[in-house]
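The chain contents come next:
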Amino acid sequence: MKKMVFTFAFILSVLSIQAADIQAIADAFKSGNAALLATCMDTEVDMALPEAARKVNGQEAVDLLTRFFEAGKVSGFTVAHHADKKESGFIVGKLTTEKGDFRVNITYQTRADKVIIQSIRIE
């Protein structure tokens, strides 16, 4: 029995080590500060906001998010679901603003233990 509990604990600890650290992304959305995401953006990001959808470079993605956050003050962000699969993953969250609640979907890749955002969809 002790051996089985130890094995289970070991497997859980290995899985938690491999999970990508998404805290910086969650903090940026929670505070409504897109500038915090500048180092997380890929060279090209698929952006889908309520008013438009297009591929943009990383800096344009930050600029679009900044304008979105400024249009409706952010009061909270919660991660509803997060999953990693090898070198990629996704986040599903709820963004609360003064203009209402939005569902946020973010896909990313991990490179050298760093999360790189591939797409952001806010609906």
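Cut-offs used in this document
Residues numbered from 1 in each chain as written. Predicted model: local features only at pLDDT ≥ 70, side-chain atom pairs only at ≥ 80, totals over all residues. Heavy atoms only, no water. Pairing = 2+ DSSP bridges. Helix = DSSP H or I, 4+ residues; strand = E, 2+ residues; numbered from the N terminus. Core = buried A, V, L, I, M, F, W, Y, C linked by side-chain atoms within 4.5 Å. Buried < 20%, exposed > 50% of the residue type's maximum accessible area, 1.4 Å probe, protein only. Axes fitted to C-alpha atoms, helices over the stretch in contact; angles between N-to-C directions. Contact = heavy atoms within 4.5 Å.

**Q** Is there a simple way to think about the pairing of strand 1 (residues 41-49) in this case?
**A** A regular strand places its side chains on the two faces of the sheet in alternate fashion. Inspection of the sheet shows strand 1 paired to strand 6 (residues 114-122) by four bridges, in the parallel sense. Note that in strand 6 the partner of Ala48 across the bridge is Arg121. Here strand 1 runs beside strand 2 (residues 52-57); their pairing, made up of six bridges, is antiparallel. Along strand 2, the bridge assignment pairs Asp46 with Lys55. As consecutive antiparallel partners, strand 1 and strand 2 are separated by two residues.

**Q** Just checking my understanding: could you explain the nonpolar core for this structure?
**A** The tendency in soluble globular proteins is for nonpolar side chains to be buried as a group. Core analysis: the largest hydrophobic core is formed by 31 residues, its most contacted members being Phe29 and Leu65. Secondary structure elements with two or more residues in this core: helix 2 (23-31), strand 1, helix 3 (58-71), strand 3 (74-85), strand 4 (88-97), strand 5 (100-111) and strand 6. Here this core takes six residues from helix 3, the largest share from any one element.

**Q** Just checking my understanding: could you explain the sheet that holds strand 6 for this structure?
**A** Each strand in a sheet pairs with another by means of backbone hydrogen bonds, the pair being arranged parallel or else antiparallel. Judged by pairing direction, the sheet is mixed, and its six strands sit side by side in the order 2-1-6-5-4-3 without closing on themselves. Strands with a single pairing partner mark the edges of an open sheet, and in this sheet they are strand 2 and strand 3. Each strand axis lies, on average, 20 degrees off the axis of its neighbour in the sheet, ignoring direction. Note: strand 3 against strand 4, ten bridges, orientation antiparallel. Counted as the bridge partner of Thr78 is Lys94 from strand 4. Along the sheet, helix 2 makes contact with strand 3, strand 4, strand 5 and strand 6, crossing strand 3 at roughly 160 degrees.

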